[in-house]
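Examination of the molecular architecture
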Amino acid sequence: TPQSTTMDPGPGGPNTATTPSLDTGSVITGTRSGTSRGSRKSRRSKLIKSKVDKHMVIFDPPGEDDESEYPGVTIVEDEEGVIEAFKKINYYMTPRMSQATREIFVSFGGSNMSRQGFISLIAITDGFGITHIFDVITLEDALWDNGMKDFLEIAYNEKVVFNTRGAKDCLFNCHGITYKGMFDLRIIEVMERGKIKTYARLPHEQAVKGGISKQIVSKKYLFTEDEMISYYVKDASSLRSVGSELDEKVWRSRKNGVDDKCIKWMVEYQKFIITLWKNFKFGDEKKDLLYWISSEIYNAMFFDKEVRTYDVYEENDCTPQNVCCYLTTDQPLGGVRCEMCMRMLPVSEFTKEMLLKKVPMGCRLCKLIEVDGIKVSKPPVRIARKKKKKKKKKKKKTKSKEKKVRIEGEEDESSSSSSSSSSSSSSDDDDTKSKKSGKSGKKKKVPTATLR
């Protein structure tokens, strides 16, 4: 909150003004000489910390005193909690703040999220690891009027989501909110498929380029949550309940507050979004613009329609045409409506017979779905990575010396044997000498000490 800006002489001189800092009202001088930059070692450590990207610990494990399974998560069920929560979220969203990430993670939970369904919970996780789960059913208008509507309609904050087409349709038709400013990881993954490290082999297809048939990474279909986990998450068992769906009764029930199953599902889904986000690199202005425009077009597919069909041509995993912006944000304008998927598409997606109204209108993708059908989702096979064998260094051959081991009771035997061997050897030597002396004719007396 801004305080009085009176010109007080600071430590740098009479012309320096003091302004309150963002922390706790401490004074920061306006001159450079009054502030200490610290030692070279401390500056280097700060620089290294600022360069560390995507190192976030969102959910701390429960301690000994913590009774809840997720102590880092707060559930907001009253109006005062909404006001306090959005004070922290809006403070984080200011560009002057130095945080670990500039992205903010959002997920929606509910049953049949569309203009015919409802949203039960909204989870928001900021870059500091603070997670809030808002109860939409109990709060109702108190949630939208105290910050949630402004937060969702702001286009410049980077909200990282996964497949929120149905949520955008529900927000506009049921609550009158135009949801903006999202980075949808489902469509971003298709744009970057084949350029990121995976833990399973990606699907391939035959393609002819320059008269030569090659195998390239297939981008015909979008991945579901389970497929994303198997391809891009190292430890798939850590995200256990992302693919499971809850019943409408579980999402609506508020007997003892929000059901634990719903909280668990929302927390696991936030973990899923954060682990996926770590695989992608954000920060390049051109790429971020392409990601943003592609995500906006993808999430507006159901929102733009006056009438929804809820059939296979509308809800499928096929990559939609004219959505992914690979080089430029310019997309061909849609002038003709497809009678199958009810989308406005350019003329190039239809044949001459369709344009002359001799055949019912159907775009290229809908005709392929009609003929080939939808893909059958198969669990991808994990890549069995071979471990590199360490080369063993060849040791030089050396004669092994036998180690003498002493055993109790063998000392005397060894000494007696050595003495007997020495006496026998000495007696043999004396005999040989006596034989030689006998030949020569001279006899030498052998002392008795040696014989003993």
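A brief structural summary. (Residues numbered from 1 in each chain as written. Predicted model: local features only at pLDDT ≥ 70, side-chain atom pairs only at ≥ 80, totals over all residues. Heavy atoms only, no water.)

1. With respect to unusual backbone geometry
Backbone phi values are negative for most residues with the exception of glycine, while trans is the configuration of most peptide bonds. Even without glycine at this site, N112 takes up a positive phi of about 50°. Looking at the element boundaries, N112 is found in the loop between β4 (104-111) and β5 (118-125). One non-glycine residue with positive phi stands out, namely N322, at about 60°. The topology assignment puts N322 in the loop between α10 (285-299) and β11 (336-337). Look at N322 and you get partly exposed, because its relative accessible area is 23%. (Helix = DSSP H or I, 4+ residues; strand = E, 2+ residues; numbered from the N terminus. Buried < 20%, exposed > 50% of the residue type's maximum accessible area, 1.4 Å probe, protein only.)

2. So, the environment of I122
Among the secondary structure elements, I122 is positioned in strand β5. As for I122 and I133, which are separated by 11 residues in sequence, their C-alpha atoms are 5.7 Å apart. Excluding its chain neighbours within four sequence positions, the residues that come into contact with I122 are V106, S107, F108, H132, I133, F134, V136, W144, M148 and M266. (Contact = heavy atoms within 4.5 Å.)

3. A closer look at a negative patch on the surface
Taken together, the side chains of E77, D78, E79, E80, E84, E140, D141 and D145 present a region of like negative charge at the surface. If you list the elements that add at least two residues to the negative patch, you get α2 (79-93) and α4 (141-153). In this fold, D78 is placed in the loop between β3 (73-76) and α2. Among the residues examined, D78 registers a relative accessible area of 42% and is labelled partly exposed. (Patch = residues over 30% accessible without salt bridge, like charges linked within 9 Å, V, L, I, M, F, W, Y side chains within 5 Å. Areas by Shrake-Rupley, 256 points an atom, 1.4 Å probe, with all protein chains shown as cover. Salt bridge = Lys/Arg side-chain N within 4 Å of Asp/Glu carboxyl O. Lys, Arg positive; Asp, Glu negative; His and termini not counted. Charge placed at Lys NZ, Arg CZ, Asp CG, Glu CD.)

4. Some details on α4
In this model, α4 (13 residues) spans only 16 Å end to end at C-alpha, well below the 18 Å of a helix rising 1.5 Å per residue. Roughly 60° is the biggest bend found in α4, and it falls at G147. For α4, the complete set of buried residues consists of L143, W144, G147, M148, F151 and L152. (Expected span 1.5 Å × (residues − 1). Bend = angle between axes of the 7 residues up to and from the residue.)

5. Observations concerning the pattern of salt bridges
Considering all chains together, one arrives at 14 salt bridges under this definition. With a closest N to O distance of 3.1 Å, D169 and R115 form a salt bridge. With D169 in helix α5 (residues 165-175) and R115 in the loop between β4 and β5, this pair connects stretches of sequence that are 54 residues apart. We note a salt bridge from R252 to E248, for which the minimum N-O separation is 3.2 Å. Taken together, the residues R252 and E248, both in helix α8 (residues 248-252) and four residues apart, mark about one turn of the helix. Classification of R252 as partly exposed rests on a relative accessible area of 45%. Taking the relative accessible area as the measure of exposure, E248 reaches 43% and is therefore partly exposed.

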